[in-house]
Amino acid sequence: MKAVTSKYLSHRITRKIFKSSTGIVTFIGAAILVFFLFLAVFSPQIAPHNPTERVSRPLQAPNSEFLFGTDNLGRDILSRVIYGARIALTIAFLAVVIAAAIGIPLGLISGYIGGVFDRILTLIMDAIYSFPGLILAIAIAAVLGPGIVNIALSIAVVYAPTYFRVIRNQVAGIKDELYVEAARALGARSPSILLRYILPNVLPSVIVVLSMNLADAIMTEAGLSFLGLGIAPPTPDWGYDLSSGQRFVLSKAWWAILFPGISIITTVLGFSMFSEGLNEYLNPTIRERR
Amino acid sequence: MSLKNYVITRILLAIPMMFILLALIFFILRIMPGDPVLAIVGGKAPQHVIEKLREQMGLNKSIPAQFVDYVLSMLKGDLGKSTLTNRPVLDELKERLPATIELTAFAFVMAVLIGTFWGAEAARKKDRSLDVGARMFAIVTYAIPVFWLGLMMQLLFGMVLKWLPVAGRISPALSFTPITGFYLVDSIIKGNWAALWDAFKHLIMPGVALGLIISSIFLRMVRNNTVLMLSKDFVKAAVARGIRERAVLYGHALKNALVPILTIMGLQLALLLAGAVLTETTFSWPGVGSYLVQKIRYRDFPAIQGTIVIFALIVVVISICVDIINALVDPRVRY
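Just so it is clear, the model here is predicted, and its values are computed rather than measured. (Residues numbered from 1 in each chain as written. Chains lettered and ligands numbered in written order. Predicted model: local features only at pLDDT ≥ 70, side-chain atom pairs only at ≥ 80, totals over all residues. Heavy atoms only, no water.)

Enquirer: Tell me about the packing of helix α2 (residues 21-41) of chain A against helix α12 (residues 254-282) of chain A, and name the residues and values.
Expert: Residues and elements named next belong to chain A. Following both chains from N to C, one finds α2 and α12 inclined at 135 degrees, their axes separated by 7 Å at the closest point. Here α12 runs oblique to α2, going by the angle between their axes. Between α2 and α12 the crossing geometry is left-handed. Within the contact between the two elements, α2 uses Thr22, Gly23, Val25, Thr26, Ile28, Gly29, Ala30, Ile32, Leu33 and Phe36 and α12 uses Ser263, Thr266, Thr267, Gly270, Phe271, Met273, Phe274, Gly277, Leu278, Glu280 and Tyr281. A breakdown of the residues in the contact of α2 with α12 according to their chemical character gives 11 nonpolar, nine polar and one charged. (Axes fitted to C-alpha atoms, helices over the stretch in contact; angles between N-to-C directions. Helix = DSSP H or I, 4+ residues; strand = E, 2+ residues; numbered from the N terminus. Parallel < 35°, antiparallel > 145°, perpendicular 65-115°, else oblique. Left-handed = near helix turned anticlockwise from the far one by under 90°. Contact = heavy atoms within 4.5 Å. Nonpolar A, V, L, I, M, F, W, Y, C, P; charged D, E, K, R; others polar.)

Enquirer: Talk me through the environment of Val146 of chain B; I want residue IDs and the actual numbers.
Expert: For Val146 of chain B, the location among the structural elements is in helix α7 (residues 146-160). Through-space distance from the C-alpha of Val146 of chain B to that of Ile214 of chain B is 9.3 Å; in sequence the pair is 68 residues apart.

Enquirer: Kindly report on unusual backbone geometry, identifying the contributing residues and their values.
Expert: For the bond from Pro233 of chain A to Pro234 of chain A, the omega torsion is 10 degrees, close enough to zero to count as cis. For Pro234 of chain A, the position within the fold is in the loop between α9 (190-226) and α10 (238-243). For Lys162 of chain B, which is not glycine, the phi dihedral falls at a positive 55 degrees. The topology assignment puts Lys162 of chain B in the loop between α7 and α8 (183-190). Phi at Arg299 of chain B takes a positive value of approximately 50 degrees, unusual for a residue other than glycine. For Arg299 of chain B, the location among the structural elements is in the loop between α12 (288-297) and α13 (301-329).

Enquirer: Could you give an account of helix α4 (residues 77-113) of chain A, naming the residues involved and the relevant values?
Expert: Residue and element names in this part refer to chain A. An ideal rise of 1.5 Å per residue puts 54 Å on 37 residues; α4 measures up with 53 Å between its terminal C-alpha atoms. Of all 37 residues making up α4, 26 are buried, and the element is well covered by its neighbours. Following α4 by one or two positions, Gly114 adopts a phi angle in the positive range, close to 70 degrees. (Expected span 1.5 Å × (residues − 1). Buried < 20%, exposed > 50% of the residue type's maximum accessible area, 1.4 Å probe, protein only.)

Enquirer: I'd like a description of the interface of chain A and chain B, backed by residues and values.
Expert: When the parts come together, some accessible area is lost, and that loss is often what is quoted as the size of the interface. Every contact between the two is made by 46 residues of chain A and, on the other side, 47 residues of chain B. Note on chain A versus chain B: buried area summed over both sides is about 4,400 Å², and carbon and sulfur give 80% of it. The interface formed by chain A and chain B holds one salt bridge in total. On the surface where chain A and chain B come into contact, there are four residue pairs in polar contact (both at pLDDT 80 or more). Within the residue set of the side of chain A that touches chain B, elements represented by two or more residues are α5 (115-130), α6 (133-144), α9, α11 (245-250) and α12 of chain A. Sorting elements by how many residues they give to the side of chain A that touches chain B places α12 of chain A first, with 11 residues. Along the lines of polarity and charge, the residues of the side of chain A that touches chain B split into 34 nonpolar, six polar and six charged. (Buried area = accessible area lost by both parts, 1.4 Å probe. Salt bridge = Lys/Arg side-chain N within 4 Å of Asp/Glu carboxyl O. Polar contact = N/O pair within 3.5 Å; in protein donor to acceptor, adjacent residues only side chain to side chain.)

Everything listed here is a matter of geometry and, on its own, says nothing about what the molecule does.
Right, here's the structure in full:
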């Protein structure tokens with residue numbers, strides 16, 4: 001029985017995917033994501049050269065040996081772009097997980113307790129939310145210094161209010177629903193009400209926010225490392241590789257600018273296309289805010 | 001509520017918001033791990049040097065006392081002195097603010113123009129090539145980092161075609177002395193047309209790069225809202241009365257579509273400021289954003305703190321302005 005249902009479901013989903021343009025967009029997005037995940041996981045096997053070692057003359061245009069050319073230190077740009085996927089995806093995932101880990105519990109508690117605590121926390125989160133994200137991340141990154149966890153943390157602080165808002169508003173809406181009342185009447189304690197009755201009902205809405213934030217987090221990470229606040233060199237990083245862009249412009253080394261940039265754009269495109277599709281499927285009624 | 005009362009309430013509401021932002025900045029820069037003094041002098045400095053600097057910066061006091069000091073000096077408009085240049089941070093920021101305003105204003109106007117007209121036309125021809133193009137443009141520009149677009153433009157228009165200057169605000173050869181700091185305004189005041197043309201040529205690339213990135217958001221919002229409005233009864237009524245299609249589009253549908261967009265405009269302006277930091281760095285544009293990045297390189301903490309406080313102030317002022325404009329346009333907001 002179960003197998004039949006799942007087969008039917010998967011068939012229906014496949015048909016749905018290829019019928020609408022949203023489905024195709026989601027599919028392309030997912031394909032891009034899988035591609036970059038693959039690059040990130042298997043970069044040592046795929047990359048033709050060591051990304052941090054000088055392998056040739058500096059600033060060579062793309063040729064048969066170095067498909068994407070070499071940078072100002074004679075390193076293979078193709079290898080750096082491949083390894084760059086690791087840093088970008090690691091930081092983006094880590095940042096989003098930390099942001100969710102801060103935002104979700106605070107949102108749950110704030111929405112459930114209400115009162116002065118809720119008011120103050122909402123004000124603080126709104127203040128963070130209204131502040132230009134990148135500038136806030138710059139400030140935190142400047143204090144914390146370089147490093148994967150530090151950068152992820154700086155980005156996480158920017159996105160935590162999004163989770164807080166989504167969760168808090170929903171919890172405030174459903175905490176007086178009958179099934180919550182019933183659980184309370186049966187003697188369930190607050191922590192168990194929150195975790196077993198409320199959380200499962202508000203969590204699905206977070207999934208879309210999560211996948212949208214991944215795209216934003218990659219952009220913010222690229223911006224931070226472009227400004228020299230990201231990962232310490234010589235670790236390959238797309239944003240950092242563009243930070244000596246002015247030098248490449250002056251020597252007309254288009255390949256050194258083009259390829260890291262294309263990588264950022266494709267990854268962000270992949271995430272945002274995927275999340276857009278996901279949004280349509282999971283919350284057909286919720287219109288996007290952007 | 002009368003408009004006057006609304007404005008007063010709105011400004012009063014901004015005070016706790018500004019206070020929270022100040023506290024947040026204080027928390028990030030002073031309490032989080034990382035010692036500003038060690039960051040300035042390095043880990044190997046002798047103990048007495050560290051102690052002296054700590055005293056100078058008021059860091060030897062307790063955290064609450066430091067916070068009171070900080071808030072009081074901010075209220076007096078004293079942002080402290082840069083440890084790098086030993087000049088008041090406020091003076092340095094005043095010199096740089098006009099450059100940022102010139103850049104962001106150019107970008108903003110461009111984004112609004114592209115967004116409004118393309119968005120409205122796309123809504124009129126829904127699902128035709130203009131609309132599909134608009135949607136593609138919005139999705140792709142959303143994914144493009146502004147600094148990458150800037151670099152590519154520098155390469156193409158600055159180096160290969162040699163149409164536009166690669167970086168800076170004005171050619172040094174003109175030995176231009178600013179009056180207000182707004183170069184476009186200054187050169188008009190002086191009647192220096194060569195300088196006006198030169199300053200404008202410098203502004204085009206950073207302005208267009210930033211404007212294009214921001215425009216995608218407007219485009220998307222205008223298009224979606226106009227599509228929604230075009231399906232409303234009052235639009236059908238206008239069409240039925242025989243009003244021309246364009247007049248209905250711009251006079252009825254678009255006008256009403258823009259109202260909800262005003263509400264979220266404040267957030268877009270915040271995005272514009274963040275984009276300005278990256279754009280200014282890319283184009284060596286001497287504004288507040290590149291100032292911040294430069295000060296971070298030298299770990300000049302008073303200057304970093306001052307700049308971020310100014311950014312916070314700008315955000316708060318903009319959100320007040322947006323709300324007031326909104327209340328003017330849509331009287332329902334006031335109740």
